[in-house]
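Next come the chains, spelled out residue by residue.
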Amino acid sequence: SEVRLDPSLSSTSDNGSLIIHPNAISLCWRPDSSSLAISTMDANVNDKPLRRLRTYHRTTLQLLSLSKEEDGSGRDVPNLLPVTPTWAPAGCSHYVGAIQSSRPLSAKSSRARPPSMQVAFMEPNGLRHRECKIHNTLVAKVEKEDLIGIAFNLEGDLLAVTSRVTSTKNDAEQYCYGKVQFYHRSNYHWYLKYELRYDGNTSGVSSHAVVSCVKFSDEDPYKVMVALHRQAEKEEVEWRE
């Protein structure tokens, strides 16, 4: 199928937070660079737009897989979000991780009960297999969360989920801050182990700041750098069980 919607790149707001257009096109490389995964919004799938994840061979651009449910029905994986996907290393079976919502997102749905989110994992053949459920740790009715990034460490046993939180104080004033959750894999399940919240009250940051980048170390898989927009700050975090 053709991608007919106008491609839109992610942009940055005045406060440094990442704004992701619903029709954004994004990609990630397999760690050994043999293939790449591309996330696009297809314009007409059963008479409505649908986001799909495709993988291609690096040199021939041959289509290797298309995101599908694992039950053998041939159904597309629904409600994938435009957050850039991430490719796991060999220690995590080379899954491709993509953010998935429990229901389609709209202005109406965002005012109602927020949908549940998870990182859905697609196998090299494109079939969805297992997931990491994302925990909602926000204060109801006064905070709204937008997921903006996911990343694996080198071992594939840590997954960082980055979000931008819009909070309301004094019933009027709004401000944004960043949050990073770290999930640890054990016996094929993912568990929330740690959360960094840059709201001015925790994480050692004197005022609220948004997260502009999260990068695991290329040498130590249990060290991660978190870049903050506020005064170009950065923080290095080390994971130890």
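Fair warning: this is a prediction, and the values are worked out from it, not measured in the lab. (Residues numbered from 1 in each chain as written. Predicted model: local features only at pLDDT ≥ 70, side-chain atom pairs only at ≥ 80, totals over all residues. Heavy atoms only, no water.)

(A) Quick look at the overall build of the protein. The number of helices and strands found in the protein is one helix and 17 strands. Nonlocal contacts in the protein, meaning residues at least 24 apart in sequence, comprise 43% of its contacts between residues at least 6 apart. Approximately 13400 Å² of the protein is accessible, and the part contributed by carbon and sulfur atoms is 49%. (Helix = DSSP H or I, 4+ residues; strand = E, 2+ residues; numbered from the N terminus. Contact = heavy atoms within 4.5 Å. Areas by Shrake-Rupley, 256 points an atom, 1.4 Å probe, with all protein chains shown as cover.)

(B) A look at the pairing of strand 8 (residues 96-101). Here strand 8 lies mainly inside the structure; six of its six residues are buried. Along strand 8, one buried face is formed by Val96, Ala98 and Gln100 and the opposite face, lined by Gly97, Ile99 and Ser101, is buried too. The pairing of strand 7 (residues 86-87) with strand 8 spans two bridges and is classified as antiparallel. Its bridge partner lying in strand 8, threonine 86 is registered against glycine 97. Examined bridge by bridge, strand 8 and strand 9 (residues 117-122) share six bridges and lie antiparallel to one another. Note that in strand 9 the partner of glutamine 100 across the bridge is glutamine 118. (Buried < 20%, exposed > 50% of the residue type's maximum accessible area, 1.4 Å probe, protein only. Pairing = 2+ DSSP bridges.)

(C) Geometry of unusual backbone geometry. Phi angles above zero are rare outside glycine, and leucine 61 is one such case at about 60°. Within the fold, leucine 61 resides in the loop between strand 5 (48-57) and strand 6 (63-66). On the basis of relative accessible area, leucine 61 is assigned to the exposed category, the value being 56%. With phi around 60°, asparagine 79 is a residue other than glycine that occupies positive phi space.

(D) Local environment of the side chain of serine 67. Within the secondary structure, serine 67 sits in the loop between strand 6 and strand 7. For serine 67, a relative accessible area of 1% corresponds to the buried category.

(E) Geometry of the pairing of strand 11 (residues 143-152). Burial of strand 11 is extensive: seven of the ten residues sit out of reach of the surface. Judged from the nine bridges that link them, strand 11 and strand 12 (residues 158-169) form a sheet pairing that is antiparallel. Within strand 12, the position partnered with glutamate 145 by the bridge is valine 165. With antiparallel pairing between neighbouring strands as the criterion, strand 11 and strand 12 make up a hairpin whose turn holds five residues, including glycine 156 at a positive phi of roughly 75°.

(F) Fine view of the pattern of salt bridges. By the definition in use, this model includes 14 salt bridges. Put simply, glutamate 195 and arginine 197 hold a salt bridge, and the shortest N to O gap is 2.9 Å. Exposure remark for glutamate 195: the relative accessible area of 24% places this residue in the partly exposed category. Taking the shortest distance from any N to any O, the salt bridge between lysine 215 and aspartate 218 comes out at 3.0 Å. Relative accessible area serves as the criterion here: at 39%, lysine 215 is assigned to the partly exposed category. (Salt bridge = Lys/Arg side-chain N within 4 Å of Asp/Glu carboxyl O.)

(G) Representation of the nonpolar core in the model. In terms of nonpolar packing, the biggest core is built from 21 residues, with Ile99, Val119, Phe121, Ile134, Leu159, Val161 and Trp190 touching the most fellow members. At the level of secondary structure, the elements contributing two or more residues to this core comprise strand 9, strand 10 (128-134), strand 11 and strand 12. Sequence-distant contacts of tryptophan 190, defined by excluding residues within four places in its chain, comprise Cys92, Phe121, Glu131, Cys132, Phe152, Gly156, Asp157, Leu158, Leu159, Tyr183, His184 and Arg185. In terms of nonpolar packing, the next biggest core, distinct from the first, is built from 14 residues, Ala151, Leu196, Tyr198 and Val226 among them. (Core = buried A, V, L, I, M, F, W, Y, C linked by side-chain atoms within 4.5 Å.)

(H) Here's a closer look at the environment of leucine 127. Note that leucine 127 resides in the loop between strand 9 and strand 10. Given a relative accessible area of 30%, leucine 127 falls into the partly exposed group. The spatial distance from the C-alpha of leucine 127 to the C-alpha of serine 67 is 5.9 Å, given a sequence separation of 60 residues.

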